[in-house]
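Chain by chain, the residues run as shown.
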Amino acid sequence: MIESIIDIAREAGRIMLGASHPEVMEKSGHANFCTETDEKIQAFLMEKLRPVCPEASFLGEEDGQDVFTARMSRGYCFVIDPIDGTSNFIFSYRPSVISIALLKDGAPFIGVVYNPFDDMTFSAKAGEGACLNGERIMSSDAPLADSLAVFGTAAYYEELRDPTFDAVKKLMPLCVDVRRSGSAAWDMCCVALGRCGLYFEMRIQLWDYAAAAIIASEAGCLVTDAQGSPLSYTGATSAVCLSRGVGKIPDIF
């Protein structure tokens with residue numbers, strides 16, 4: 001099943017790479033954009049993934065598919081983000097990725113994140129480890145003081161702006177430096193790969209984190225909310241992803 005999901009993600013990546021000047025639509029909230037390519041890729045993913053797991057329900061960011069229901073906590077549920085990093089995609093500012101998770105009885109089961117611009121396919125299945133392009137990966141064992149940290153700004157939630165940057169100010173002297181990519185899924189995968197030691201964001205949606213969180217967990221990362229509790233996999237949450245070397249949440253929140 002995971003190989004079929006990977007193949008579909010890579011096919012969807014070709015749609016992203018082939019898009020030229022897509023029509024941009026603004027959704028509710030500051031700088032919350034959707035493009036015709038987001039909608040095209042989501043429709044493609046739903047069409048191609050249905051035969052892979054016919055009994056699965058779907059949760060996706062676009063086209064009114066974005067409400068988690070009680071049914072989705074039973075059996076299988078695909079959670080998809082056709083373009084995580086839509087603003088990056090609009091402005092040709094990488095990265096933008098395709099994110100596909102499969103939940104089983106409300107728990108993460110399979111995760112695939114594909115960056116078509118660099119042809120990087122992250123994948124994981126519960127209990128079987130994480131891979132990049134088929135090769136096993138593990139997060140870094142370096143301490144936070146010897147690591148980059150990445151964060152998201154929870155850009156659609158104005159009330160979280162000050163708490164976010166207060167946390168960043170506390171984090172900066174604890175690490176080598178901080179970065180912001182504009183894609184939560186990509187950031188978590190960078191922690192899984194060992195490029196960074198810590199990622200946090202005050203509020204992200206299920207489709208932003210579902211696939212990357214299982215990839216990071218299978219790469220030895222600790223993935224929690226900002227209070228250190230397990231992620232719910234039912235909707236929006238704060239999120240923290242820590243490499244093996246960082247291990248625990250620093251006192252920044």
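In what follows, the structure referred to is the one given above.
Residues numbered from 1 in each chain as written. Predicted model: local features only at pLDDT ≥ 70, side-chain atom pairs only at ≥ 80, totals over all residues. Heavy atoms only, no water.

Let us now look at the environment of Gly 18. Here Gly 18 lies in helix α1 (residues 2-18). Of the residues examined, Gly 18 reaches a relative accessible area of 60% and is grouped as exposed. (Helix = DSSP H or I, 4+ residues; strand = E, 2+ residues; numbered from the N terminus. Buried < 20%, exposed > 50% of the residue type's maximum accessible area, 1.4 Å probe, protein only.)

Taken as a whole, this structure holds five salt bridges when the rule is applied. Taking the shortest distance from any N to any O, the salt bridge between Asp 118 and Arg 94 comes out at 3.8 Å. Placement of Asp 118 in the loop between β6 (107-115) and β7 (120-125) and of Arg 94 in the loop between α3 (86-90) and β5 (97-104) is noted, with a sequence separation of 24 residues between them. Asp 177 is paired through a salt bridge with Arg 179; the nearest N and O atoms lie 3.2 Å apart. For Asp 177, a relative accessible area of 30% corresponds to the partly exposed category. For Arg 179, a relative accessible area of 41% puts it in the partly exposed group. (Salt bridge = Lys/Arg side-chain N within 4 Å of Asp/Glu carboxyl O.)

Below, the discussion takes up the sheet that holds β7. What the seven strands build is an open sheet, ordered β3-β4-β5-β6-β7-β8-β9; its pairing is mixed. With partners counted over all chains shown, the strands left at the sheet margins are β3 (57-60) and β9 (135-137), one partner each. On average, adjacent strands in this sheet sit at an angle of 20° to one another, irrespective of strand direction. Where β5 and β6 come together, seven bridges link them in antiparallel fashion. Bridged to Lys 104 within β6 is Ala 107. The strands touched by helix α6 (residues 206-218) within the sheet are β3, β4 (76-84), β5, β6, β7 and β8 (130-132), with β6 carrying the most contacts at an inclination of about 100°. (Pairing = 2+ DSSP bridges. Axes fitted to C-alpha atoms, helices over the stretch in contact; angles between N-to-C directions. Contact = heavy atoms within 4.5 Å.)

Let us look at the sheet that holds strand β12 (residues 198-204). In spatial order, the strands read β11-β10-β12-β14-β13; together these five strands make up an open sheet with mixed pairing. For this open sheet the edge positions go to β11 (177-179) and β13 (222-224), each flanked by a neighbour on one side alone. Taken over all neighbouring pairs, the strand axes of this sheet differ in orientation by 15° on average, direction set aside. Where β12 lies against strand β14 (residues 237-242), five bridges are found, and the strand directions are antiparallel. Across the sheet, residue Leu 198 finds its bridge partner in β14, namely Leu 242. The sheet strands contacting helix α5 (residues 184-193) are β10 (148-151), β12, β13 and β14, and the helix crosses β12 at an angle near 155°.

Turning our attention to the packing of aromatic side chains. Enumeration over the complete set of coordinates arrives at eight aromatic pairs. Relative to Phe 109, the ring of Tyr 76 has its centre 6.1 Å away and its plane inclined at 55°; by these criteria the two rings are tilted. In this pair, Tyr 76 sits in strand β4 while Phe 109 sits in strand β6, placing the two residues 33 residues apart along the sequence. You'll find Tyr 76 and Phe 109 in the same group, each marked buried. (Phe/Tyr/Trp six-rings, centres within 6.5 Å; stacked < 30°, edge-to-face > 60°.)

On to the environment of Leu 193. Summarising the element assignment, Leu 193 is placed in helix α5. On a C-alpha basis, the gap between Leu 193 and Cys 131 in space is 8.8 Å, while along the polypeptide they are 62 residues apart.

Here we take up unusual backbone geometry. Across the junction of Arg 94 and Pro 95, the peptide omega takes the value 0°, indicating a cis bond. Relative to the assigned elements, Pro 95 resides in the loop between α3 and β5. Of note in the backbone geometry, Asp 105 takes a positive phi value of approximately 55° without being a glycine. With respect to the helices and strands, the residue Asp 105 is situated in the loop between β5 and β6. Positive phi, close to 45°, is recorded for Ala 154, a residue that is not glycine. Structurally, Ala 154 is set in the loop between β10 and α4 (161-171). For Ala 154, a relative accessible area of 2% translates into the label buried.

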